[in-house]
Amino acid sequence: MSEILMPRLSDTMEEGVVSSWQKKPGDTVAVGDVLVDIETDKAVMEYEAYEAGVLEKILVGEGETASIGATIAILATNGATSDAPASSAPEQKSGTEEPEPERTAEASAAPGTEAKDDAPVPAAGRDAPRSRPPSSPLARKIAKENGIDLGTLAGSGPGGRVVRADVEAALRTPASTVPESVRADALQGQGVRTDAAAEDPDTEKVPLNRFRKVTARRLAESMSTAPHIYLTRHIDMEELLAFRATLNTALAPAKVSVNDLVVKACATALREHPALNVSFTEDYLLMHKRVHVGVAVAIDDGLLVPVIRDADRKSVSQIGAETRDLAARAREKRLTAQEMSGGTFSVSNMGMLGVDAFTAVINPPEAAILAVGAIREEAVIRDGAVVPRHRMTITLSVDHRACDGATGATFLGRLAELLENPLRIVA
């Protein structure tokens, strides 16, 4: 017998949601078979079996959350069977009958007994803090199909459990006519304000998705723990724009973007100035011997940072092709954990959005991030004459615990030199 545990699929993952089971109890499982799709804080990923056997029990049903390392299923190997309680996830039935409750901390059937909707909830389950109200699988399914937030419902099941009838009642009741006492009771346990301001009819409350929650937590941690310093340079882009045009003519139909050249220049500068290619810990600095550059990609519901590994060793065209592939799969939420971890430096480019300059928040555990603004034609004095030149503003955010200002300024100076003399980027 082997326990299948909730895996850590990303470096920021603390818990995962079972999106869908690809095997059901009784199915034969071979090594490499996809067992389950897990929704992490970054994407939905496939979890493959590492052992062969027969899937005996599912302990965490679809739509349920489990912490890293928690047992989500039992795999019988070599004909063995487990002694775990018979609490596998119930199959949905075609009728309106409420399925048996899933095995949760809020409601669990004792071994050998049948779990029912009206079963008493142990005191420990009632008092334990939880991130969402307990609910039955069918209630979650109906709520998901109809866009209902279970957190706004007052459950009529044991221990406040939300069941099918509660969701169907909500479907029949317009939001504006839900009794205030019910709305307040449902929201109070989640720390949501229930005063008049929170219930403003001109204000809509949109639940945070997992991506937004993790992004908010990590950025808040970064700003509160890493003392940021910001260094800004204005870069003359005339030579780089001409160089890019020459490259694109030679590489057609492939294309190289300005951001591809910036990433390559950053990687080259980091190789020459490894003091910025570090991570801070309380006891020592981690000096990274390889240069892995993260490229920030905006998606509909958050921000992802896929990583170009060994960017200093790759050509600009390789970086361009890899960046486009990673960005496309980031928007489709098909990136793997490895593709989003291990970065030693990041680049965030908002120039294509018309932003002239900004400061970026460091992506821990990295020590620095470069913010890239838009390219603008400006009047510049050169050799005593006013001439039009294309310029770009870049701002380096540095973790002052890991690097001092002079280290960041030296790196930024070399980066500016590379961008203004682009042949040196590929030399």
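A count of helices and strands for the protein gives 10 helices and 18 strands. When each of the 427 residues of the protein is scored for burial, the buried share is 44%. Split by element, the accessible area of the protein, about 21800 Å² in all, is 52% carbon and sulfur.

Here we take up the confidence of the model for the protein. Averaged over the protein, the pLDDT score is 80; the fraction of residues at 70 or greater is 78%. Low confidence marks residues 84-124, where pLDDT is under 50. Its contacts with residues over four positions away, or in another chain, come to 66 contacts.

Turning next to the sheet that holds strand β3 (residues 28-29). Taken in spatial order, the four strands make up an open sheet running β1-β8-β6-β3, and their pairing is antiparallel. The open sheet has two edge strands with one neighbour each: β1 (2-5) and β3. For β1 and strand β8 (residues 71-76), the ladder comprises four bridges, and the chain directions are antiparallel. The residue of β8 that forms the bridge with Glu3 is Ile74.

A few words now on helix α6 (residues 238-251). Compared with an ideal rise of 1.5 Å per residue, which puts 14 residues at 20 Å, α6 spans 20 Å between its outermost C-alpha atoms and is within 8% of the ideal. Looking at α6, one finds that the buried residues are Leu240, Phe243, Leu247 and Asn248. With its buried residues spanning 135° around the axis, α6 presents them on a single face. Facing away from the buried side of α6, by more than 90 degrees, are the exposed residues Thr246 and Thr249. Where α6 is buried, its residues meet α7 (258-272), α9 (405-420) and α10 (423-426).

Okay, the environment of Ile375 next. Mapped onto the fold, Ile375 is located in strand β17 (residues 368-382). When the C-alpha positions of Ile375 and Gly354 are compared, they lie 8.7 Å apart, and in sequence the two are 21 residues distant. Once you skip the residues sitting within four places of it in the chain, Ile375 turns out to touch Met237, Leu241, Val258, His390, Arg391 and Met392.

Now for the pairing of β8. Burial analysis of β8 places five of its six residues in the buried class, which makes it a mostly covered element. As paired strands, strand β6 (residues 53-58) and β8 are joined by four bridges and run antiparallel to one another. Along β8, the bridge assignment pairs Ile58 with Ala73.

In the contact formed by α7 and helix α8 (residues 316-331), the axes pass within 9 Å of each other and the chain directions differ by 115°. The two elements α7 and α8 meet at a crossing, and its hand is right-handed. Of the residues in α8, those touching α7 at Asp260, Leu261, Val263 and Lys264 are Val316, Ile319, Gly320, Thr323 and Arg324. Per-class residue counts for the contact of α7 with α8 are four nonpolar, two polar and three charged.

Attention now goes to the pattern of salt bridges. One pass over the structure, following the stated rule, counts 18 salt bridges. For Arg414, the salt bridge goes to Glu272, with nearest N and O atoms at 2.6 Å. Residue Arg414 is located in helix α9, and its partner Glu272 is located in helix α7; the two are separated by 142 residues in the primary sequence. Residue Arg401 is joined to Asp399 by a salt bridge in which the shortest nitrogen-to-oxygen separation is 2.8 Å.

Attention shifts here to the environment of Gly53. Mapped onto the secondary structure, Gly53 falls in strand β6. It is 5.2 Å that separates the C-alpha atoms of Gly53 and Val29, two residues lying 24 residues apart in sequence. Residues within four places of Gly53 in sequence aside, it is in contact with Asp27, Thr28, Val29, Leu75, Ala76 and Thr77.

Let us now look at the side chain of Lys23. By the secondary structure assignment, Lys23 is in the loop between β2 (15-21) and β3. On the accessibility criterion, Lys23 (19% relative accessible area) is buried. In terms of polar contacts, Lys23 uses its side chain to reach the backbone carbonyl oxygen of Thr28, at 3.5 Å. Those residues in contact with Lys23 that lie beyond four places of it in its chain are Thr28, Val29, Asp33, Val34, Leu35, Leu55 and Ile58.

What follows concerns the sheet that holds β2. What the four strands build is an open sheet, ordered β5-β4-β2-β7; its pairing is antiparallel. In the strand order of this sheet, the two ends are held by β5 (44-48) and β7 (65-67), each with one partner. Geometrically, the sheet is characterised by an average inter-axis angle of 40° between neighbouring strands, direction not taken into account. Where strand β4 (residues 34-39) lies against β5, five bridges are found, and the strand directions are antiparallel. Counterpart to Val34 in the pairing with β5 is Glu48.

The next point concerns the nonpolar core. Residues Phe345, Leu370, Leu396 and Leu419 are the most contacted members of the largest nonpolar core, which totals 75 residues. It is α7 that contributes the most residues to this core, nine residues altogether. Those residues in contact with Leu419, other than ones at most four positions away along the chain, are Ile235, Asp236, Leu240, Leu261, Val262, Ala265, Met392, Ile394 and Ile425. Grouped together as the second largest cluster of nonpolar side chains are nine residues, Leu138, Ile142, Ile148 and Leu150 included.

Bringing the side chain of Ser279 into the picture now. Along the chain, Ser279 turns up in strand β10 (residues 278-280). Relative accessible area serves as the criterion here: at 3%, Ser279 is assigned to the buried category. Of note is the side chain of Ser279, whose polar atom sits 2.8 Å from the side chain of His288. At 2.9 Å, the side chain of Ser279 forms a polar contact with the backbone oxygen of Pro365. With near-sequence residues (within four places) excluded, Ser279 lies in contact with Tyr284, Leu285, Leu286, His288, Pro365 and Glu366.

Cut-offs applied
Residues numbered from 1 in each chain as written. Predicted model: local features only at pLDDT ≥ 70, side-chain atom pairs only at ≥ 80, totals over all residues. Heavy atoms only, no water. Helix = DSSP H or I, 4+ residues; strand = E, 2+ residues; numbered from the N terminus. Buried < 20%, exposed > 50% of the residue type's maximum accessible area, 1.4 Å probe, protein only. Areas by Shrake-Rupley, 256 points an atom, 1.4 Å probe, with all protein chains shown as cover. pLDDT = per-residue confidence, 0-100. Contact = heavy atoms within 4.5 Å. Pairing = 2+ DSSP bridges. Expected span 1.5 Å × (residues − 1). Arc of directions from axis to C-beta. Axes fitted to C-alpha atoms, helices over the stretch in contact; angles between N-to-C directions. Left-handed = near helix turned anticlockwise from the far one by under 90°. Nonpolar A, V, L, I, M, F, W, Y, C, P; charged D, E, K, R; others polar. Salt bridge = Lys/Arg side-chain N within 4 Å of Asp/Glu carboxyl O. Polar contact = N/O pair within 3.5 Å; in protein donor to acceptor, adjacent residues only side chain to side chain. Core = buried A, V, L, I, M, F, W, Y, C linked by side-chain atoms within 4.5 Å.

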